[in-house]
Amino acid sequence: MYDVIIIGAGLSGISAGVRLSHYGRKVRILEKQRYPGGMNGYYERAGRTIDVGLHALTNFAPEGIRGAPLNKLLRQMRLRRHELDLCPQTFSEIVFPQCSLRLNNDFAAFAAQVDKLFPTEADGFHRLCERIRQTDALSPTAPELSARAILNDYLSSSLLQDMLLCPVMLYGNPQADDMDFNQFCIIFQSVILEGFGRPRHGMKPFLECLLKRYADQGGELSLGVGVTALNVRDGRITAVVTDQGEELHADAVLSCAGVLETARLCSTPPPELAAFPAGAIGFCETIFELDCRPRALGLDACVIFRNCPERFRFSTPAGSVDLSSQIICMPGNYQQCDDIADANTVRVSVLASPAWWLDLSPDAYGKAKKNVADAQIALLEAWKPGFAGAVAGWDMFTPKTIRRFTGHVNGVIYGSPRKLRQGASADLSNLFICGADQGFLGIVGALMSGAAIANRHLL
Ligand SMILES: Cc1cc2nc3c(=O)[nH]c(=O)nc-3n(C[C@H](O)[C@H](O)[C@H](O)COP(=O)(O)OP(=O)(O)OC[C@H]3O[C@@H](n4cnc5c(N)ncnc54)[C@H](O)[C@@H]3O)c2cc1C
């Protein structure tokens, strides 16, 4: 009998485990994959460890900034900053045909560029930032508002609106076209008010550090063990059934597998949770390995949010992908990362249509991936000549990959467009949800979510 069984060793599940085991709870994490970390895990190929999705640890904040989510998290996990070996970014960029804005973990410097490039918008921009700071975006009762409408109230330049929406939507909007303003505030804080860093050698040592803390506190982790059913009786989960034929019992079950995904495991569908809408915003991410440093080709930022047309659009593509905007990440450009194993890597993410990718035959799937990689190479070659000739190899994630490895419906990264902010529902009194579907995204966001739900409901 466990106090808590956690479904999934995603970052939110792991942080909840660390928190609960610290307080002496008997906890077991069940993870169906052989590697921990979920969408921010790693895999091994030809003797090399490759991060699944690491571009940036958003919400990066220097030591000593009180109230910064990263610093709060380190305290809650009882970790010292040096244990995570975090390196700040040098700089990142939002690049539009009309102009560019630089992000370098110094919000005052970002605001000064906005003032200079958009002098008539300066007052509105500062008032918007103040509103973002004052918004209690994490409140379960915060009303859902249109981010586009609010940006339009403060800014008359559609270019500036688009330049702010571009990185924020690309790094965490689960819905097409518009964005919930609360979600906008959470991601704006993590990307623009705070900034980017990365664990120097990627997610493996980062996860090992968290899992060591968990194991030292008595937490149990079972990798390669999937949950196949949750038996429900009288509004409670009475047993957790695994693909190893075990039937496990716990006072509470916490899941980071997603709301809809968890509801589908229940022997009796929980009405509120089973009605959650599936997400439809997918991504394809290609990991290019170059035979030179990306900097040698003029790719000298850490992350580039590049929008090719004059206006930014964020919707599910009609075809396989939408190449008009790209997130381009160079891990070796972070501070002190010049000699890491990924120093020659360039990651390129573009919006993808889950429906287009999910049901392709193996043959068509292989061809579709090659077409996308070729198109991305051509796009980068036109912008940074020499790129095509420098590509030594590539690997790609699609919505099909994400669905296969994480079970997320539609293979989406940012979960359902609806969020279960309180992490609980009236459907099942001992089931709790953390992670992307609770409304927190990214590495720090997911870790915060697990800790918050553990604190709120299970301690
Ligand atoms: C390509 C890509 C790039 C990304 N880039 C970044 C980035 O640069 N920076 C950043 O901060 N974030 C990034 N993210 C997003 C970030 O990874 C996620 O927001 C975060 O990891 C979500 O964590 P989570 O705990 O919510 O769940 P997940 O990571 O989704 O974990 C859920 C876990 O549950 C397991 N599971 C599911 N069903 C079952 C079951 N039935 N039984 C047992 N286990 C189960 C899954 O295998 C998985 O391990 C990226 C994601 C991807 C895919």
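See the structure above.
Okay, so let's go over this structure. (Residues numbered from 1 in each chain as written. Predicted model: local features only at pLDDT ≥ 70, side-chain atom pairs only at ≥ 80, totals over all residues.)

Each helix and strand counted, the protein chain has 16 helices and 19 strands in total. Relative to the 2.2 N^0.38 estimate, which gives 23 Å for 459 residues, the radius of gyration of the protein chain is 21 Å and therefore close to what a compact globule would have. Its C-alpha atoms give the protein chain principal-axis dimensions of roughly 60 × 50 × 45 Å. Scored against the burial criterion, the 459 residues of the protein chain give a buried share of 49%. Summarising the internal contacts of the protein chain: among those between residues at least 6 apart in sequence, 73% fall at separations of at least 24. (Helix = DSSP H or I, 4+ residues; strand = E, 2+ residues; numbered from the N terminus. Rg over C-alpha atoms; globule rule 2.2 N^0.38 Å. Buried ≥ 20, exposed ≤ 12 C-beta atoms within 10 Å, placed from the backbone. Contact = placed C-beta atoms within 7 Å.)

This paragraph deals with the site of the ligand. What surrounds the ligand is a group of 38 residues, the closest being G8, G10, G38, G53 and G435. Those elements that provide at least two residues to the shell around the ligand are helix 1 (11-22), strand 2 (27-31), helix 15 (399-406) and helix 16 (442-458). Across the shell around the ligand, the residue classes break down as 19 nonpolar, 15 polar and four charged. Counting the residues that make up the shell around the ligand, at least three belong to each of domain 1 (2-54 + 202-277 + 417-458) and domain 3 (278-405). (Near = placed C-beta within 6 Å. Nonpolar A, V, L, I, M, F, W, Y, C, P; charged D, E, K, R; others polar. Domains from an automatic or database assignment.)

Let us now look at the nonpolar core. Ranked by size, the top nonpolar core spans 136 residues in total, and within it V4, V168, V253, L254, V303 and F432 carry the most contacts. By residue number, the principal contributor to this core is helix 16, which donates 10 residues. Residue contacts for L254: discarding those within four places in its chain leaves V4, I6, A16, F432, C434, I453 and L458. (Core = buried A, V, L, I, M, F, W, Y, C linked by C-beta atoms within 7 Å.)

Moving on, we come to the sheet that holds strand 11 (residues 236-242). If you trace the three strands from one edge of the open sheet to the other, you get 10-11-12, paired in antiparallel fashion. The two strands at the open ends of the sheet, each matched to only one other strand, are strand 10 (227-233) and strand 12 (247-248). Judged from the six bridges that link them, strand 10 and strand 11 form a sheet pairing that is antiparallel. Each bridged residue has a counterpart across the sheet, and for R233 the counterpart in strand 11 is R236. (Pairing = 2+ DSSP bridges.)

Moving on, we get to the pairing of strand 2. With four of five residues buried, strand 2 is to be regarded as a mostly interior element. Taken together, the four bridges between strand 1 (residues 2-7) and strand 2 define a ladder with parallel strand orientation. Bridge pairing in strand 2 places I5 opposite R28. The handedness of the strand 1 to strand 2 crossover, carried by helix 1, is right-handed. In terms of strand pairing, strand 2 meets strand 9 (residues 220-223) through four bridges, oriented parallel. Bridge pairing in strand 9 places I29 opposite L221. (Right-handed = clockwise from strand over helix to strand, strands pointing away.)

Right, let's get into the environment of I6. Relative to the assigned elements, I6 resides in strand 1. Note on I6: 34 C-beta atoms within 10 Å, which makes it buried. Placed 38 residues apart in sequence, I6 and E44 show a C-alpha to C-alpha distance of 25 Å. Not counting chain neighbours up to four residues away, the residues in contact with I6 comprise G13, A16, G17, V27, I29 and L254.

What follows concerns the sheet that holds strand 1. Here five strands make up an open sheet; going across it, the order is 9-2-1-13-19 and the pairing parallel. The strands lining the two open edges of the sheet, one partner per strand, are strand 9 and strand 19 (431-433). Pairwise comparison of adjacent strand axes, ignoring direction, gives a mean angle of 20° for this sheet. Note that strand 1 and strand 13 (residues 250-255) share five bridges and pair parallel. Following the sheet pairing, I7 is matched in strand 13 by S255. Strands in contact with helix 1 are strand 1, strand 2 and strand 13; relative to strand 2, the strand with the most contacts, it is inclined by about 165°. (Axes fitted to C-alpha atoms, helices over the stretch in contact; angles between N-to-C directions.)

Looking now at helix 7 (residues 158-170). A rise of 1.5 Å per residue sets the reference length of helix 7, with its 13 residues, at 18 Å; its end C-alpha atoms lie 17 Å apart and thus fit the reference within 8%. When you tally the buried positions in helix 7, you get 11 out of 13 residues, the bulk of the element. (Expected span 1.5 Å × (residues − 1).)

If you trace the backbone, Q438 turns up in the loop between strand 19 and helix 16. Each C-alpha atom, one on Q438 and one on N173, is 13 Å from the other, the two residues being 265 residues apart in sequence. In this structure, Q438 is in contact with K419, L420, R421, G423, I433, S449 and I453, ignoring residues within four places of it in sequence.

At a minimum axis separation of 7 Å, helix 1 and helix 16 run at an interaxial angle of 45°. Between helix 1 and helix 16, the interaxial angle falls into the category oblique. Crossing handedness for the pair helix 1 and helix 16: right-handed. Side by side, helix 1 and helix 16 meet where L11, S12, G13, I14, S15, A16, R19 and L20 of the first sit next to I443, A446, L447, S449, G450, A451, I453, A454, N455 and L458 of the second. (Parallel < 35°, antiparallel > 145°, perpendicular 65-115°, else oblique. Left-handed = near helix turned anticlockwise from the far one by under 90°.)

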